[in-house]
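A structural walkthrough
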There are 2 protein chains.
Amino acid sequence: MQTISENKCYGGIQGVYSHRSDACACDMTFGLFLPKEAADEPVPVLWYLSGLTCTHENAMVKAGAQAWAADHGIALVFPDTSPRGEGVANDEAYDLGQGAGFYVNATEAPWTTHFRMWDYLAEELPDLVTATFAVDEDRQAITGHSMGGHGALTLAMRLPGRFRSVSAFAPIANPTQSDWGRKQFTAYLGADESTWAAHDATLLMRRLGFDGPVLIDQGSKDQFLDLLKPEALAQAMMERRQNGLVRMQPGYDHSYFFVSTFMADHMAFHAEALFQD
Amino acid sequence: MQTISENKCYGGIQGVYSHRSDACACDMTFGLFLPKEAADEPVPVLWYLSGLTCTHENAMVKAGAQAWAADHGIALVFPDTSPRGEGVANDEAYDLGQGAGFYVNATEAPWTTHFRMWDYLAEELPDLVTATFAVDEDRQAITGHSMGGHGALTLAMRLPGRFRSVSAFAPIANPTQSDWGRKQFTAYLGADESTWAAHDATLLMRRLGFDGPVLIDQGSKDQFLDLLKPEALAQAMMERRQNGLVRMQPGYDHSYFFVSTFMADHMAFHAEALFQD
C-alpha cells in the first residue's frame, strides 16, 4: 500500500492511499478519514460509495462529511467507483466502464478481468482497511450517493451482519427497471435478467430487507428522478415494514449541495447505530 | 446578469451568476449562497476571496462554508480571482495572470486593460450584489484563503467602515517581502515599490489597522509558510494593539482540509460582529 497524501483535517487525518487490488487486477485508490480518536483505539467506520463519474476524491472534498465524522469519532472510507488504468476496458459513455462500475462482478467480455467491484468492496478493501488502520470491523455502516446509494443498499442487504445501518442519498433504487441499470447490467452481467435481481435494492428489499435502520433522502427537484425510482423502494420498504424512513426533500436536486445539506443527519443516524452496545 | 446555476443547499440557494464587468472589461462569474432568511429580508453577507489558481468554484464546493452560513443566516459571495477569457492577458506560471489577480489594479502592460480586481471587489461587484439580492450592505464581513486572505485584509483596512470584521486562512501576509508578492507587484504595479505598500497587509496594519476584530488562522505544517510570513503580520497586530487574534494550528497544511476545519470558527466570529446592533 502506498500513501498518496495525508492532510490534517478536523483534528484527524484525511489520507489517500493506493494499493494493488487482486479483485480488480489493477491499482486502486481510496480515501480514508481517521478521526483523532483513532490514535488511541479502533473507531467505527462509515463507508461512502460514490456515484457515476466520481473517483475516490469527489465526496472526500465536496460532501462535507469529515466535520460530522470528527464530531462523532467515526472513520470514513471513500472507495473509487471502478477499476481504472490503461489496460482496463472502458466505454465512451459516462455511465459505462471506468467511473461506472455499478458495484457488481462482471461476467461478460470485455469487463470480466477488472470489473469486480462487488468482491473489491465486500471483501478485499474491508480486509485491507481493518488490517491496516485503527477501525473496528464490528462497527461498520454504509452510505452512498446515486449509483453509490445503489451499491450501499445492495451490499448492506446481501451481507447480513456486516453493517449496523445503511443510508443513501438519491440512490438508483430500482435499476432493473431503469436506463441506469438495464444498460449496465446487460453489459456487465449479460442478457439473462435473473442475474440482475441480486443488484436491485427494491427487489432485495422485498426478498431480504435489512436487519437494522435504513435512511433514504431524495430531492424533489432531482433532475434524474425518473431514473432513480425512489417510489419503488419506498413501497417495498413499507410493504416489508422495514425499520427505516424515506424522506422527500422539497426543492433539492442531485448535486453535492443536496448531499452535503443532509450529511449531518446521516452521520447522526449512523452514529446512533454504531455507538449502540 | 445571467444565472449559470442555482442549487438548493441547506435550506437556501447556492447560485452561480455571470455578468459583464466594466472594471475588468470582460465577463466575470461569481458564486452566491443565500440562506433561507433572505426570502424575507436582507441578510448580512460574508465575502470569501480565494487563492492562487482558484475560480469562484473551489471554495464554494470545498470549504464547507454553507453549513455554518445557513446556521447563522448569512449570505456568502465567492468572487473569481482574476479576469478570464481569450482576450485577457495571461502567463504560463500558475502565480501570474489568470487565476492570480492579487486583488490590485494593474498599471503595467499587458495587464492594465483587464486586471482591475481591486475596483471590481471594492466597488463593482458589491454594488451589483447589494442591488440585485437580499443582502444588507450595512452588515458586511470579509475573509479569504492565501492570496484571498491578502485580498480580504487589504480591502478591509483600506475601506474603513465597509466591513465589520475580517478574517483570513493562511494569508499572504507580507507580500512586499515574499516571492508571492514581489513578482506579481513588479508585473502588475511596476518596479516602484512605493506603490506596493497599499497592498501589503502587514504594512497596512502598521499604518492603518482595522476598526473591528481580526482573526487569522495559520497551519504549522503549511508547505508555503516561508512565502506567507504570518510572523510579520502577527508582530504588526500586536504592536498596534489590534483587536484580534492570530492562531497557529498545529499539524495543518495549506489545503481546503485546513480551511474547512476552521470554517465554523470563522463563521461564528463574523456572525458575532454582523449581528451586533
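Our subject is the structure that appears above.
In this report, we go over the structure that sits alongside the text. (Residues numbered from 1 in each chain as written. Chains lettered and ligands numbered in written order. Predicted model: local features only at pLDDT ≥ 70, side-chain atom pairs only at ≥ 80, totals over all residues. Heavy atoms only, no water.)

Secondary structure summary: chain A contains nine helices and nine strands in total. Computed over C-alpha atoms, the radius of gyration of chain A comes to 17 Å, within 12% of the 19 Å expected from 2.2 N^0.38 for 277 residues, which places it in the range of a compact globule. Each of the three principal axes of chain A carries a C-alpha extent, and together these read 50 × 45 × 35 Å. Out of the 277 residues in chain A, the part that is buried amounts to 63%. (Helix = DSSP H or I, 4+ residues; strand = E, 2+ residues; numbered from the N terminus. Rg over C-alpha atoms; globule rule 2.2 N^0.38 Å. Buried < 20%, exposed > 50% of the residue type's maximum accessible area, 1.4 Å probe, protein only.)

Let's shift gears to the packing of aromatic side chains. Counted by the stated rule, this structure contains 27 aromatic pairs over all chains. For the pair B:Tyr48 and B:Phe78, a centre-to-centre distance of 5.9 Å together with 50 degrees between the ring planes defines the contact as tilted. Placement of B:Tyr48 in strand E4 (residues 43–49) and of B:Phe78 in strand E5 (residues 75–79) is noted, with a sequence separation of 30 residues between them. Their ring planes at 90 degrees and their centres at 5.4 Å tell us that B:Trp111 and B:Tyr188 sit as a pair that is edge-to-face. Separated by 77 residues along the polypeptide, B:Trp111 in the loop between E5 and helix H3 (117–132) and B:Tyr188 in helix H5 (residues 179–189) bring together distant segments of the chain. Pairwise contacts between aromatic rings join A:Phe169, A:Tyr252, A:Phe258 and A:Phe262 into one cluster. If you follow A:Arg158 out to its NZ or CZ, it ends over the ring of A:Trp118, 4.0 Å from the centre. (Phe/Tyr/Trp six-rings, centres within 6.5 Å; stacked < 30°, edge-to-face > 60°. Lys NZ or Arg CZ within 6 Å of the ring centre and 35° of its normal.)

Next up on the list: the packing of H3(B) against helix H4 (residues 147–158) of chain B. All names here are of chain B. Where H3 contacts H4, the axes come no closer than 11 Å and their chain directions differ by 55 degrees. Taken together, the axes of H3 and H4 are oblique relative to one another. Taken as a pair, H3 and H4 cross one another with a handedness that is right-handed. In this structure, H3 uses Trp118, Leu121 and Ala122 to contact H4, whose residues at the interface are Thr154, Leu155 and Arg158. Grouping the amino acids of the contact of H3 with H4 by side-chain chemistry returns four nonpolar, one polar and one charged. (Axes fitted to C-alpha atoms, helices over the stretch in contact; angles between N-to-C directions. Parallel < 35°, antiparallel > 145°, perpendicular 65-115°, else oblique. Left-handed = near helix turned anticlockwise from the far one by under 90°. Contact = heavy atoms within 4.5 Å. Nonpolar A, V, L, I, M, F, W, Y, C, P; charged D, E, K, R; others polar.)

The next thing to look at is the relation of the copies chain A and chain B. The transformation that overlays chain A on chain B combines an axial shift of 0.0 Å with a rotation of 180 degrees, and the residual RMSD is 0.0 Å. Such values leave the two copies arranged in the relation of a two-fold axis. Looking at chain A, 100% of its interface residues are interface residues in chain B too, so the copies touch through the same face. (Least-squares fit on C-alpha atoms with pLDDT ≥ 70 in both.)

Next up on the list: helix H8 (residues 230–240) of chain A. All names here are of chain A. Turning to H8, its buried residues number three or more, namely Pro230, Ala232, Leu233, Ala234, Ala236 and Met237. Looking at the buried side of H8, the elements it contacts are helix H4 (147–158), helix H6 (201–207), strand E8 (214–219), helix H7 (225–228) and strand E9 (244–249). Directly beyond the C-terminal end of H8, a positive phi value near 60 degrees is found at Arg241.

A few words now on the interface of chain A and chain B. Tallying the contact residues gives 22 residues for chain A and 22 residues for chain B. Summing both partners gives a buried area of about 1,800 Å² for chain A against chain B, and 59% of it is carried by carbon and sulfur. Three residues stand out in chain A for area buried against chain B, namely A:Lys8, A:Tyr10 and A:Phe257, and they jointly supply 38% of the buried area on that side. Among the elements of the structure, strand E1 (2–9), helix H1 (57–62), helix H2 (65–72) and helix H9 (256–274) of chain A are those that each provide at least two residues to the side of chain A that touches chain B. Partitioned by chemical class, the residues of the side of chain A that touches chain B number 10 nonpolar, eight polar and four charged. (Buried area = accessible area lost by both parts, 1.4 Å probe.)

All names here are of chain B. One pass over the full model with this rule turns up one cavity of 30 Å³ or more. The space that makes up the largest cavity amounts to roughly 40 Å³. Taken together, Trp47, Leu49, Leu121, Pro126, Gln140, Ile142, Leu155, Arg162 and Phe163 form the lining of the largest cavity. Among the residues making up the lining of the largest cavity, the classes are represented as seven nonpolar, one polar and one charged. (1 Å grid on protein atoms, 1.4 Å probe; cavity = no way out; pocket = protein on both sides within 12 Å on 5 of 7 lines; lining within 4 Å. Points joined across faces, edges and corners; volume = space filled by probe spheres on them.)

For the rest of this paragraph, the subject is the pairing of strand E3 (residues 26–34) of chain B. Residues and elements named next belong to chain B. Burial within E3 is extensive, with seven of its nine residues counted as buried. The sheet contact formed by strand E2 (residues 12–21) and E3 spans nine bridges and is antiparallel. By the bridge assignment for E3, Val16 is matched with Gly31. Between the antiparallel neighbours E2 and E3 lie four residues, among them Ala25 with a positive phi of about 50 degrees. Pairing geometry for E3 and E5, over four bridges, is antiparallel. Looking at E5, one finds that Phe33 is bridged to Leu76. (Pairing = 2+ DSSP bridges.)

For the largest pocket, the calculated volume is near 700 Å³. Lining the largest pocket are 39 residues, and of these A:Lys62, A:His145, A:Ser255, A:Tyr256 and A:Phe257 sit closest to its centre. Roughly 390 Å³ of volume is contained in the second largest pocket. Taken together, 19 residues make up the lining of the second largest pocket; nearest its centre are B:His145, B:Phe224, B:His254, B:Ser255 and B:Tyr256.

So, about the pattern of salt bridges. Within this structure, the stated rule accounts for 18 salt bridges over all chains. Between B:Arg116 and B:Asp119 there is a salt bridge, and its shortest N-O distance comes to 2.8 Å. The partner of B:Arg139 in a salt bridge is B:Asp136, with the nearest N and O atoms 2.8 Å apart. Both residues of the pair, B:Arg139 and B:Asp136, belong to the buried class. A network of salt bridges, in which partner residues are shared, links A:Asp217, A:Arg247 and A:Asp265. (Salt bridge = Lys/Arg side-chain N within 4 Å of Asp/Glu carboxyl O.)

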